[in-house]
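# Fold and geometry: a report
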Amino acid sequence: MRELTYTDAAREALAEAMRRDPTIFVVGEGIGKRGGNFNTTAGLYDLYGPERLRDTPICERGFIGLCAGAAMTGTRPVVDFMFADFILDAFGEVVNQIAKIQYMSSGRITMPIVLRGCIGAGSSAATHHSGSYYPVYAHFPGLRVAVPATPADAKGLLATALRGDDPVLFLEHKNLLATKGPVPEGEHCVPFGKARIAQEGKDLTVVAIALMVQKTLKACEDLEREGIAAEVIDPRTVAPLDMETILASLRKTGRLLVVDETFGPCGIGAEIAARVMEEAFNELDAPVRRLNGRHAPIPYSPPLESAAVPQVADIARAIRDLVAE
Amino acid sequence: MRELTYTDAAREALAEAMRRDPTIFVVGEGIGKRGGNFNTTAGLYDLYGPERLRDTPICERGFIGLCAGAAMTGTRPVVDFMFADFILDAFGEVVNQIAKIQYMSSGRITMPIVLRGCIGAGSSAATHHSGSYYPVYAHFPGLRVAVPATPADAKGLLATALRGDDPVLFLEHKNLLATKGPVPEGEHCVPFGKARIAQEGKDLTVVAIALMVQKTLKACEDLEREGIAAEVIDPRTVAPLDMETILASLRKTGRLLVVDETFGPCGIGAEIAARVMEEAFNELDAPVRRLNGRHAPIPYSPPLESAAVPQVADIARAIRDLVAE
Amino acid sequence: MDSDAKAAGAGLRGAGAPGAVNLYRTMLLIRRCEEQLVRAYALGLIPGPCHSCIGQEAVAAGVCANLRPDDVVFSTHRGHGHALAKGVTPGELMAELFGRVTGCSRGRGGSMHLFAPEVGLMGTSGIVGPCVLQAAGAGYSLKLLKTDRVSVAFFGDGAVGNGAFHEGLNMAAIWGLPVVFVCENNLYATEVPFAYAAKNPDVGGRGRVYGMPGVTVDGNDVLAVSQAASEAAGRARSGCGPTLIECRTYRLRPHAEGMRDGGYRTQAEIDEWKARDPIAMLRRRLVADGVAAEDELEGMDAEVKAAIGEAFEFAKGSPWPDPAAGARFVFSGE
Amino acid sequence: MDSDAKAAGAGLRGAGAPGAVNLYRTMLLIRRCEEQLVRAYALGLIPGPCHSCIGQEAVAAGVCANLRPDDVVFSTHRGHGHALAKGVTPGELMAELFGRVTGCSRGRGGSMHLFAPEVGLMGTSGIVGPCVLQAAGAGYSLKLLKTDRVSVAFFGDGAVGNGAFHEGLNMAAIWGLPVVFVCENNLYATEVPFAYAAKNPDVGGRGRVYGMPGVTVDGNDVLAVSQAASEAAGRARSGCGPTLIECRTYRLRPHAEGMRDGGYRTQAEIDEWKARDPIAMLRRRLVADGVAAEDELEGMDAEVKAAIGEAFEFAKGSPWPDPAAGARFVFSGE
Ligand SMILES: Cc1ncc(C[n+]2csc(CCOP(=O)(O)OP(=O)(O)O)c2C)c(N)n1
Ligand SMILES: Cc1ncc(C[n+]2csc(CCOP(=O)(O)OP(=O)(O)O)c2C)c(N)n1
Ligand SMILES: [Mg+2]
Ligand SMILES: [Mg+2]
């Protein structure tokens, strides 16, 4: 299959959807002629013009609230917010309006809005350009949260988001944008709530999110030489969360590690640990372990930053320790 | 000891602190002459005037961001936001500024700000006046989160917040405001991160938060007659979270239920379950169980609303089930 | 209603008359419905809050008279009048406040969360601000879809100092969106005077700050409101972009039922505004200009009261929602 | 510096001279430091972003010349100049961008997160907007504490359409806070022209919307900036409340180093502004008016370049922060 970068794969999904559906439009800062800070819309302005590729002033709350109203009235906005950190200013619109209006209207109003942008540490972008936030969005009802780890899933999950009628947070890890991988041609939809088994193994199950999937696979290369075969699961969406696949793997391995670069408390790892205990307590040969980023803001300086999020060596160590328990 | 309502107890802490410390001021809508929508500042305007009891326009992001700047420059703002739902518009200021500036300045700037207001369902206030949000604030580093369940703790935790140099979310459950209880006279500080054992018991441990503490104690009355003795723990602050007390109790009872009215996914119950598994896996006679509000917005109509959050009967049932496991 | 209302704006003679009478009926319907809700609150039939718009009926009536059924409205916590004027029935409104399944929001919303997309009421919000942004967004849709439909935001003076006002009006202006922003300036946000919340008392004039027409009208003069709304809606329909309309009016009830209402407003101020009751003012004009006779108007009142009485019985007699169903519709297709 | 600068505002003769020369030196220091940072970026010494203010030095220099060490400044992502003008040393600034422990933020912040409370730089932010609110809040403190200190917010044209601008200016106005709001209008937010982001091109005039004085000055004329800042700071110190100053200026580098800079600005526009380089403009005046001789100014430049060279060596030679220490200071007293 032809290979594409993560960014190009996601843009292909967007381009195909915009061609198919004239009600889709994109808003964001520099997503018009400029084609997006991360080339998310490169080339689309020339095809669809300023109304469907709408540059905005710097008013995240405003244009997200605006897009909520648009989604309620027959169009399908895609908010391209560059860095997920920026839309905290729109948190009220997301949590109190976008996530609730389908429910409050008893389904008489739909909310087909896609909120997309970058997450993650690892590029010395410092604390206002390095957050991830998906555990927070997963906490609230009414939101779908996609965290693709491969180019194929970047295309497939965005395509699904653009076909659905629910609000979707589509979060792209900065350090995955340039990664390449095989991507199906034509329309390719990856369903929400269906995890991907990135690698099969029998000794333990590792659930990893976004960039951590790649780092975990890297760690597994060395571990294989040590005779440790980890099964690596990429949930692809954290809301909905595919517990079935995780539990099936756990029943096989008896051990589970969750690798998540963002904060541990009340995080995805905590939720998975609680669910596993509730549903497969007796299958556990050891406690579910969590490997998270440090519970502190992401600092700028490379040595500080790399110590703040799990690195390949940390993951390998955590896997060895858990297998040894 | 003399009895006070929860609201009067908290106001006593505020009044004593304002008398002691002229750098403390309060901002909010109607907290001046009016004395606060929930009487949080009744009588204080006459003592301290408009500069220290500052009525605001309806700009939550604005006045919280403003108070961040005040806290950085020598005063101690108390933001009285009425309903916790309102400050989602200020989420960026809280998460990206207030929670981070001590860290980013390497402690050269302090952030003594108290963000206080009401949480919780149960009064048909509907979905924009019924949220709780403490799991979200507990997720981020740099924030303290207090959820007092008694008048004495309302006073003691607010007093501690007003003495400290860290940002504190002080969240008061609407249905606790009128409850009465013994409250120490004079300065009374309850340390953060120290849970309260609301009731001793040997059969299981129940960690309950805010209003759920009272509902759980109510449920326990019937259960005692059935011969079930639950140990009820009120963490009082969810950040920091006193795992020591929870674990000590769990070691005694072998069973743990977390009762939390707000959303389950990535919630406090998930965090406690994960921590317990990590630190006391072999002490567990049964999986940690969670009883949460329904994963949907809080509806208005009484029958819908009461089905959306745990009631006494639901708690009793959950306790019976867990003891029977 | 559109042409009627336009004519009404033009005055009471001739073609204006039916428009003016329609406006009168709409205001009367809102007033009687609100009065019934006030009584219902006292009777304990409303489990949650109740924000009445008594005294402000002219704004809802005057603006909505210039809207088509396919135009959309976004409103705020004080939205009963807007809902009724846009076509929600008194029965659906009362049932909603009573928490019944027959309510316009199926009992999920109450006073602050009214949803009736079937008649273009896209929602009211318990949070101050979002309606301004959502109305702008609806305008974006209506423009992108190449319709001549119009979007309206109703909000109070309390929203003017909020960032949503600033961001929403700016975007609507630079993108030329078909939106009418209606600020109901009743001089207070709960108990905080607008004169305190803003040093600049002029709201209408702020339209120019964003590069859109802005006007201030007597919000208790329904014909003046209708005239301004007709011009604004016409501008929006013909692709000439948004307008800000400030309607100076006054709330004759407490901020919400059951709330204390003392201390922040002088009796003189209250009396002055009571003397300017929008319904009484129009009634005097209708009679003076011979457009309608006292007894006709009495008859209309009796008619409206009867309808409200029926609506009340309907609402009171309506079933409660099924608790189990409260989990539905978190996502689409559920 | 205060009196010097005031005088400088008054012109170049007599008492004005030293002020003008100080302003020149400050601008030169910022320029040379930024040029060094640009080179350092090209050399790969800056692991993160680098937002240079080359071409905009007059704003930082002109405003901060009117501030006391105990006045406070809040700035934005383009804050190098403000930091230097407020008293951060070039060494601390460069070390910060290089990620070294000797940086003003101990390597935790980089280009967008400069903290030096010791000299009144309370922080720059990677998020557009908060500095406006925090400066207002500092003003609240300084007033409550009964000082005559002043708080300043520096922000770009991009912040003008943001709710923080609206809410911050409104609160500062109604509460009469001692704040100077300085909008550095360099005509673009990244590649989005202000002429697109707002229909109303006038920023200074928006002060009146909030009930505060607002002025627009040539942001490349340091004396004009200093004059406006001197009046605004004086007003704030004497309890007369906030002022909005719009400084029209231009960014001569890409939005950030390493970013493509084509397509959104015409060469003619760039050339026109290059011809209005704030440093060259003042230099011509200093020489023409006989305040300073060419060779003096050359000497000053050599001096500044030497200082920057030393600072660069200091920064480059500084140690990296200890990774283990990266967990400290999440809470006070840690
Ligand atoms: C963001 C937000 N902050 C605070 C409140 C609480 N609140 C409800 S109504 C109200 C006053 C609104 O005043 P105004 O906008 O003038 O409308 P009015 O009540 O006068 O019709 C306030 C402060 C809220 N609903 N939302
Ligand atoms: C809330 C927010 N949205 C978007 C960004 C991304 N961003 C960084 S700088 C910038 C442009 C800022 O323009 P302006 O305020 O005019 O300052 P200038 O860069 O021109 O100095 C943008 C959009 C941000 N930092 N914060
Ligand atoms: Mg009002
Ligand atoms: Mg700019």
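Because the structure is predicted, anything quoted here is derived from the model rather than measured.

Within chain A, the secondary structure is distributed over 12 helices and 14 strands. Against the 2.2 N^0.38 benchmark of 20 Å for 325 residues, chain A shows a C-alpha radius of gyration of 19 Å, consistent with a compact globule. Counting every position in chain A, which comprises 325 residues, the buried fraction comes to 74%. With an accessible surface of roughly 8500 Å², chain A has 51% of that area assigned to carbon and sulfur atoms.

On to the pattern of salt bridges. Residues and elements named next belong to chain A. Under the counting rule described, the total for this entry stands at 98 salt bridges over all chains. A salt bridge links Glu 221 to Lys 218, with the nearest nitrogen and oxygen atoms 3.3 Å apart. Note that Glu 221 and Lys 218 are positioned in helix 8 (residues 211–225) at a spacing of three residues, about one turn of the helix. Classification of Glu 221 by relative accessible area gives partly exposed; the value is 41%. For Lys 218, a relative accessible area of 44% puts it in the partly exposed group. If you follow the salt bridges from partner to partner, you end up with Arg 2, Glu 12, Glu 16, Lys 155 and Glu 185 in one network.

Every protein donor of the magnesium ion (ligand 4) is listed here as Asp 157 of chain D (OD), Asn 186 of chain D (OD1) and Tyr 188 of chain D (O), and their distances to the metal cover 2.0 to 2.1 Å. Of note, the donors binding the magnesium ion (ligand 4) are all from one chain and are spaced D-x28-N-x1-Y.

Let's shift gears to the coordination of the magnesium ion (ligand 3). Residues and elements named next belong to chain C. Here the magnesium ion (ligand 3) is held by the protein donor atoms Asp 157 (OD), Asn 186 (OD1) and Tyr 188 (O), which lie 2.0 to 2.1 Å from it. Taken in sequence order, the residues that donate to the magnesium ion (ligand 3) follow the motif D-x28-N-x1-Y. One end of the pair, Asp 157, is in the loop between strand 3 (151–156) and helix 7 (163–174); the other, Asn 186, is in the loop between strand 4 (179–185) and strand 5 (188–189), and 29 residues separate them in sequence. Side by side, Asp 157 and Asn 186 carry an identical accessibility label, which is buried.

To continue, consider the interface of chain B and chain A. Listed by partner, the interface residues are 47 residues for chain B and 47 residues for chain A. Between chain B and chain A, the buried area comes to about 4500 Å², and carbon and sulfur atoms account for 65% of it. For chain B, the biggest contributors to the area lost against chain A are His 139, Cys 266 and Met 277 of chain B; these three give 16% of the whole. Scanning the region where chain B abuts chain A turns up six salt bridges. With a shortest N-O distance of 2.8 Å, Arg 290 of chain B and Glu 271 of chain A are connected by a salt bridge. If you look at where chain B meets chain A, you find 18 residue pairs in polar contact (both at pLDDT 80 or more). For the side of chain B that touches chain A, the elements supplying multiple residues, two or more each, are helix 4 (91–98), helix 5 (101–104), helix 6 (134–139), helix 10 (268–280) and strand 14 (289–292) of chain B. The element that contributes the greatest number of residues to the side of chain B that touches chain A is helix 10 of chain B, accounting for eight residues. For the side of chain B that touches chain A, the per-class residue count stands at 27 nonpolar, 10 polar and 10 charged.

Our focus in this paragraph is the site of ligand 2. Taken together, 18 residues form the shell around ligand 2, and within it Glu 60 of chain A together with His 77, Arg 78, Gly 126 and Asn 186 of chain D come nearest. In the model, an oxygen atom of ligand 2 is placed 2.7 Å from a nitrogen or oxygen of the Arg 78 of chain D side chain. Separating a nitrogen atom of ligand 2 from a backbone N or O atom of Gly 126 of chain D is a distance of 2.7 Å. Within the complex, 96% of the 580 Å² of free accessible area of ligand 2 lies under protein. Its residues assigned to classes, the shell around ligand 2 comprises seven nonpolar, seven polar and four charged.

A word on the side chain of Arg 61 of chain A. Relative to the helices and strands, Arg 61 of chain A resides in helix 3 (residues 60–71). Leaving out residues up to four positions away in the same chain, Arg 61 of chain A has contacts with Asp 89, Ala 90 and Glu 93 of chain A, Asp 89 of chain B together with Val 128, Gly 129, Pro 130, Leu 133, Asn 162, Ala 164 and Glu 167 of chain C.

Listed by partner, the interface residues are 30 residues for chain A and 37 residues for chain D. Surface buried jointly by chain A and chain D totals about 2400 Å² across both partners, of which 64% is contributed by carbon and sulfur atoms. Taken together, the connections running from chain A to chain D amount to one salt bridge. In this structure, Glu 191 of chain D engages Arg 34 of chain A in a salt bridge whose closest nitrogen and oxygen atoms are separated by 3.8 Å. Where the side of chain A that touches chain D is concerned, the elements lending two or more residues are strand 3 (53–55) and helix 11 (302–308) of chain A. Per-element accounting of the side of chain A that touches chain D gives the leading share, four residues, to helix 11 of chain A.

Once that is clear, we can look at the site of ligand 1. Near ligand 1 lie 18 residues; those nearest to it are Glu 60 of chain B together with His 77, Arg 78, Gly 126 and Tyr 188 of chain C. More than one chain lines the surroundings of ligand 1; the residues nearby belong to chains B and C. Side-chain polar atom of Glu 60 of chain B to a nitrogen atom of ligand 1: 2.7 Å apart, as the coordinates give it. Between an oxygen atom of ligand 1 and a side-chain N or O atom of His 77 of chain C, the distance comes to 2.7 Å. Summarising the interface, the protein chains cover 96% of the accessible area of ligand 1, which totals 580 Å² for the free molecule. A per-class count over the shell around ligand 1 returns seven nonpolar, seven polar and four charged.

This brings us to the environment of Ile 298 of chain B. All names here are of chain B. As for its placement among the helices and strands, Ile 298 is situated in the loop between strand 14 and helix 11 (302–308). Its relative accessible area of 10% is what places Ile 298 among the buried residues. Ignoring any residue separated from it by four or fewer positions in sequence, one finds Ile 298 in contact with Ala 121, Ala 126, Thr 127, Ser 130, Glu 305, Ala 308 and Val 309.

The next thing to look at is the relation of the copies chain B and chain A. Turning chain B through 180 degrees and shifting it by 0.0 Å along the axis lays it on chain A, with an RMSD of 0.0 Å. In the structure described here, the two chain copies are related by an operation that fits a two-fold rotation axis. Comparing contact sets, 100% of the residues at the interface of chain B also lie at the interface in chain A, consistent with an isologous, same-surface contact.

With that settled, the discussion passes to the pairing of strand 10 (residues 204–208) of chain A. All names here are of chain A. Among the five residues of strand 10, five are classified as buried, and the element is accordingly described as predominantly covered. One ladder, built from four bridges, connects strand 10 with strand 11 (residues 230–234); its direction is parallel. When the bridges of strand 11 are listed, Leu 204 appears paired with Ala 230. Pairing of strand 10 with strand 13 (residues 256–260), which is carried by four bridges, proceeds in the parallel orientation. Counted as the bridge partner of Thr 205 is Leu 256 from strand 13.

As a further point, take unusual backbone geometry. Here the amide bond leading from Ala 239 of chain A into Pro 240 of chain A is cis, since omega sits at 0 degrees, within 30 degrees of zero. One can find Pro 240 of chain A in the loop between strand 12 (237–239) and helix 9 (243–253). If you check the backbone angles, Arg 236 of chain B has positive phi at about 70 degrees while not being a glycine. Among the structural elements, Arg 236 of chain B can be located in the loop between strand 11 (230–234) and strand 12 (237–239).

What follows is about the environment of Glu 51 of chain B. Summarising the element assignment, Glu 51 of chain B is placed in helix 2 (residues 44–52). Excluding its chain neighbours within four sequence positions, the residues that come into contact with Glu 51 of chain B are Phe 25 of chain B together with Tyr 140, Lys 143, Leu 144 and Lys 146 of chain D.

What follows covers helix 4 (residues 91–98) of chain A. Of all eight residues in helix 4 of chain A, eight are buried; the element is thus mostly enclosed. Buried within helix 4 of chain A are the following residues: Phe 91, Gly 92, Glu 93, Val 94, Val 95, Asn 96, Gln 97 and Ile 98 of chain A.

What counts, and at which threshold
Residues numbered from 1 in each chain as written. Chains lettered and ligands numbered in written order. Predicted model: local features only at pLDDT ≥ 70, side-chain atom pairs only at ≥ 80, totals over all residues. Heavy atoms only, no water. Helix = DSSP H or I, 4+ residues; strand = E, 2+ residues; numbered from the N terminus. Rg over C-alpha atoms; globule rule 2.2 N^0.38 Å. Buried < 20%, exposed > 50% of the residue type's maximum accessible area, 1.4 Å probe, protein only. Areas by Shrake-Rupley, 256 points an atom, 1.4 Å probe, with all protein chains shown as cover. Salt bridge = Lys/Arg side-chain N within 4 Å of Asp/Glu carboxyl O. Donors = N, O, S within 2.8 Å, 3.2 Å for Na, K, Ca; no water. Contact = heavy atoms within 4.5 Å. Buried area = accessible area lost by both parts, 1.4 Å probe. Polar contact = N/O pair within 3.5 Å; in protein donor to acceptor, adjacent residues only side chain to side chain. Nonpolar A, V, L, I, M, F, W, Y, C, P; charged D, E, K, R; others polar. Near = heavy atom within 4 Å. Least-squares fit on C-alpha atoms with pLDDT ≥ 70 in both. Pairing = 2+ DSSP bridges.

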